[in-house]
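Observations on chain architecture
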Number of protein chains: 2
Amino acid sequence: MSTASSPYARITDLLSNISNFNVIDTTLREGEQFANAFFSTEQKLKIAKALDDFGVEYIELTSPVASEQSREDNEKICQLGLKCKKLAHIRCHMDDAKVGVETSVDGLSVVIGTSSYLRKFSHGKSMETIYQVAEEVVTFIKSKGKEVRFSSEDSFRSDLVDLLKLYRHVDKLGVNRVGVADTVGCAHPRQVYELIRTLRGVVNCDIECHFHNDTGCAVANAYCALEAGATHIDTCILGIGERNGITPLGGFTARMYVADKAYVTDKYNLHMLRDIENMVADFVEIQIPFNNYITGYCAFTHKAGIHAKAIINNPTTYEILRPEDFGMTRYVSIGHRLTGWNAVKSRCEQLDLHLTDAEIKEITRKIKELADIKPLGIEEVDSLLRVYHTYIESSNYENMTAAANAAGDEIKQKASN
Amino acid sequence: MSTASSPYARITDLLSNISNFNVIDTTLREGEQFANAFFSTEQKLKIAKALDDFGVEYIELTSPVASEQSREDNEKICQLGLKCKKLAHIRCHMDDAKVGVETSVDGLSVVIGTSSYLRKFSHGKSMETIYQVAEEVVTFIKSKGKEVRFSSEDSFRSDLVDLLKLYRHVDKLGVNRVGVADTVGCAHPRQVYELIRTLRGVVNCDIECHFHNDTGCAVANAYCALEAGATHIDTCILGIGERNGITPLGGFTARMYVADKAYVTDKYNLHMLRDIENMVADFVEIQIPFNNYITGYCAFTHKAGIHAKAIINNPTTYEILRPEDFGMTRYVSIGHRLTGWNAVKSRCEQLDLHLTDAEIKEITRKIKELADIKPLGIEEVDSLLRVYHTYIESSNYENMTAAANAAGDEIKQKASN
């Protein structure tokens, strides 16, 4: 088909990384902070392997300082021989760094709170002290040959000048990445774009972003961060994390698939998404949300008559994601009062029932009438269509309205038995 | 507390409506297109009343043309004497308009597909035909004294010039609002901002926006649309709608509360949110998602040690939403391997157990050790703290480590009985 020329087509922006990014999945760190998450060693190994098979570039693990078991589990994960890099999260403190460098991870993700809130109510340190501690910790980790990421916490409620000064300082010390974290979930897309664009001009290293979802912007903020020049995005399977969590791997994948389908489908094993989500949902004892991105049970269900008609003609009319690319299937729902005759016609074709358009319109009227009382399951609709088709063929009824009414009566009779 | 001056503070933008917007809740139209939604008359009346009590400015209802029952139900809703305005959704067609103007709603929400996809695979009309039909339908509805909204469908895959020409045309005919709809869920925040900012310069009427959530941007897009000058946002309770739905009322409320708390808390009855969501979840037979905005069961649960410590000192450190404003409560989880001694100290204070910081650090070590094997419930933690406190008071153990170990053994013993 010919697509109209659209001024919305992406204009090439040399700083945008929407076609060039890395995923740091932190289900085994942020995800472990989810209220219901208490991963056993075996579960952690399964999650790490699955993420590696899916194709994420990095996985982040809980601090080895958190508990003895955490440290041991990290070692076991590092011995799996995964393709992805392994990172461990630590506080910006020499005690933690000393333990971290002795473990087998590829890198350490250092974090310190920089907002006035966290400086006052969490660690109590001044910005001057933060600069000093950051220097000591970063230099030490680098001297041990590990990759190092230095992140502020609650970045969007930190003073911009303080923040840029700190990032430039650690950039000059040679960190691999600086991290920007919306720890409380307050950031919104254009604010994210502005901060990351500014930061892009201040540091030479990579930029990692971490977005909580308290106010519904975690996926959108990740997208805008990449547009502005961020290079790494933190995700969790199903978005699990502190409170209501962070950018979900599935939702982020959906967003980036729409931005650059070839890049995303080449890079990640999208057919695995549903199994990975089911596994983690099982481990943390939650239901997959009804409205989950891509794998939610209604993500590819079409219902309204006008939608159903167009979807049958060409799925791209109402689908921006091809269900097949994710190992999913489309479902067009027809047994309800919002149905349309085109959807019913499509079902007749699937059932190999030959009816004229006029005949189909008549039985559609009957479906709407019946569904006004109680929605019909697909078996009931199929049964109704078959009975109607038989009646039409038999010519025992004076017209199609009579045949449709008789078929409807028969179905109602059956349902009440 | 003193907050650092921040360059992120919102700069007044005269076109921004983040402190001046209307909600059009469409649970009774878009929501009815959700796969599981088959509302009875009684359920529709309950939803309409609840939304009115919550304080939404408009509710949108299913087309009276969809079925006879739909038409009758709309009449019943209009007879409830609600404060909010009632709208009915119709296709841009004189047949629908003629039925619509005879019903009791305050206005009609007219829609037509404008993307090349929908023009080819749905209604088959050219843009010229769309201009003509739009003029006829809009003029007719206005002549009957009803409010009229004219919306394109799939706006973000429509040709920009076609779209602006159409909107200017209906604006001059005197529509109350033009509608922009991301029908397939492909739009992203900065694209939304650009389109709405452009449109704001082209039409004088209000601007309504409707965002699907297939790629996780429905809340963020709504926010950016308001920043750009949109006036009305479509929502659904729990976001239910076609596929995985649209901007959820709860998520949108969370976003706007953070943008302008006083405006949102004055305007809407936020304490009702949980009950409304539970009611609708019950009607459509779904679970509230574990990660639902505001009302999800872990939205205010804090787990990591460093988070718990700060939250206890000052909740705003890690909370951008005050749970009390939504009739919710905060929960700090402590019986797990990521716990910290400040969280344990806070619990001791709640239980009125007097222990020194050193003693608390020792029992925290024990909690982490036990939780490495199996997470502890709050009753187990409380029991452990009480036993430990008794042992410390009794002075029967040579030091606090011995007391903590003995208390741990006693709790393990109890659990295995």
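Here the residue numbering is sequential within each chain, running from 1 through the sequence in written order. Note on labels: chains are lettered from A, ligands numbered from 1, in written order. Side-chain atom pairs in this predicted model are given and counted only at pLDDT of 80 or more, local residue features only at pLDDT of at least 70, and totals for whole chains, interfaces and linings cover all residues. Excluded from the side-chain calculation are hydrogens and water; included are all heavy atoms of the structure.

**Quick look at the nonpolar core**
- Definition used in this section: a nonpolar core is a set of buried Ala, Val, Leu, Ile, Met, Phe, Trp, Tyr and Cys residues joined via side-chain atoms within 4.5 Å. In this scheme, a residue with accessible area under 20% of its type's maximum is buried, one over 50% is exposed, and one in between is partly exposed, where area comes from a 1.4 Å probe on protein chains only. One finds I141, F150 and I240 of chain A together with I141, F150 and I240 of chain B to be the most contacted residues of the largest nonpolar core, which totals 214 residues.
- With 29 residues, the next largest nonpolar core counts L385, A404, A406 and I411 of chain A among its residues.

**A closer look at the side chain of H212 of chain A**
- Runs of E in the DSSP output that reach at least two residues are strands. Runs of H or I that reach at least four are helices, and both are numbered from the N terminus. Of note, H212 of chain A is situated in the loop between β7 (206-211) and α8 (218-228).
- A polar side-chain atom of H212 of chain A sits 3.4 Å from a polar atom in the side chain of H210 of chain A. For the purposes of these results, a polar contact is taken to be a pair of N or O atoms within 3.5 Å, where, inside protein, one atom must be able to donate a hydrogen and its partner to accept one; residues adjacent in sequence count only when each atom of the pair is a side-chain atom.

**Describing the sheet that holds strand β1 (residues 22-25) of chain B**
All names here are of chain B.
- Any two strands between which DSSP finds at least two bridges are classified as paired. Strand order around the closed barrel formed by 8 strands is β1-β2-β3-β4-β5-β6-β7-β8, with parallel pairing between neighbours. With strand direction ignored, the average angle separating the axes of adjacent strands in the sheet is 25°.
- Pairing of strand β3 (residues 85-91) with strand β4 (residues 107-113), which is carried by 5 bridges, proceeds in the parallel orientation. Paired with L87 across the strands is G107, a residue of β4.
- The contact definition used throughout considers only heavy atoms, calling two residues in contact when any of these lie within 4.5 Å. In this analysis an axis means a line fitted to C-alpha atoms, helices contributing only their contacting stretch, and an angle means the value between N-to-C directions, from 0 to 180 degrees. Across the sheet, helix α7 (residues 189-200) lies against β6 (177-182) and β7 (206-211), angled at about 160° from β7, the strand it touches most.

**Here's the deal with unusual backbone geometry**
- One non-glycine residue, I294 of chain A, lies in positive phi territory at about 65°.
- Inspection of the secondary structure assignment puts I294 of chain A in the loop between α11 (273-283) and β9 (301-302).
- At S395 of chain B, a residue that is not glycine, the phi angle is positive and equals roughly 60°.

**Side note on the sheet that holds strand β5 (residues 147-153) of chain A**
Residue and element names in this part refer to chain A.
- Overall, parallel pairing links the 8 strands, which are arranged β1-β2-β3-β4-β5-β6-β7-β8 in a closed barrel. Neighbour-to-neighbour, the strand axes of the sheet open up by a mean angle of 25°, direction not taken into account.
- Against the sheet, α8 touches β6 (177-182), β7 and β8 (232-235), its axis set at about 165° to β7.

**Regarding the pattern of salt bridges**
- Whenever a carboxyl oxygen of Asp or Glu lies within 4 Å of a side-chain nitrogen of Lys or Arg, that contact is scored as a salt bridge. One pass over the full model with this rule turns up 62 salt bridges over all chains.
- Note that E68 of chain A is salt-bridged to R71 of chain A, the shortest N-O span being 3.0 Å. With E68 of chain A and R71 of chain A both in helix α2 (residues 68-78), this residue pair falls 3 residues apart, about one helical turn.
- The class of E68 of chain A is partly exposed, set by a relative accessible area of 43%.
- Here D106 of chain B makes a salt bridge to K86 of chain B, at a shortest N to O gap of 3.8 Å. Linking D106 of chain B in the loop between α3 (94-101) and β4 with K86 of chain B in strand β3, this pair joins segments that are 20 residues apart in sequence.
- We classify D106 of chain B as partly exposed; its relative accessible area is 31%.

**Considering the interface of chain B and chain A**
- Tallying the contact residues gives 100 residues for chain B and 100 residues for chain A.
- Note on chain B versus chain A: buried area summed over both sides is about 8,700 Å², and carbon and sulfur give 60% of it.
- Counting across the interface, chain B meets chain A through 4 salt bridges.
- Of the charged contacts, one joins E227 of chain A and R190 of chain B as a salt bridge, the two residues approaching to 3.2 Å between their closest N and O atoms. By convention, the term buried area covers the 1.4 Å-probe accessible surface removed from two parts as they join, with the contributions of both added.

**Things to note about the UniProt feature "domain: Pyruvate carboxyltransferase" (unreviewed entry) in chain A**
- UniProt positions are given in the numbering used here, feature names are shortened, and annotations may be inferred rather than shown by experiment. UniProt records the feature "domain: Pyruvate carboxyltransferase" (unreviewed entry) for residues 21-274 of chain A in the present numbering.
- The straight-line gap between the two end C-alpha atoms of residues 21-274 of chain A is 22 Å; of that span, 45% is helix and 18% is strand.

**Quick word on the domain arrangement of chain A**
Residues and elements named next belong to chain A.
- Looking at chain A, the domain boundaries give domain 1 (3-283) and domain 2 (301-416).
- For domain 1 versus domain 2, the separation of C-alpha centres amounts to 48 Å.
- Across the boundary between the two partners, domain 1 contributes 8 residues, which contact 8 residues of domain 2.
- When domain 1 packs against domain 2, close to 750 Å² is buried across both sides, 65% of that on carbon and sulfur atoms.
- When the area that domain 1 buries against domain 2 is broken down by residue, the three leading residues are Y257, H271 and R274, summing to 55%. The start and end points of each domain follow an automatic or database-based domain assignment.

**A few points about the relation of the copies chain B and chain A**
- Its rotation angle being 180°, the transformation that places chain B on chain A also includes 0.0 Å of axial translation and leaves an RMSD of 0.1 Å. A rotation of that kind, with that shift, is consistent with a two-fold axis. Distance from the rotation axis, computed per C-alpha, reaches its smallest value in chain B at P289 of chain B: 2.3 Å.
- Comparing interface residues between copies, 100% of those in chain B also lie at the interface in chain A; the contact surface is shared. Alignment of copies: least-squares fit on C-alpha atoms of residues with pLDDT of at least 70 in both copies.

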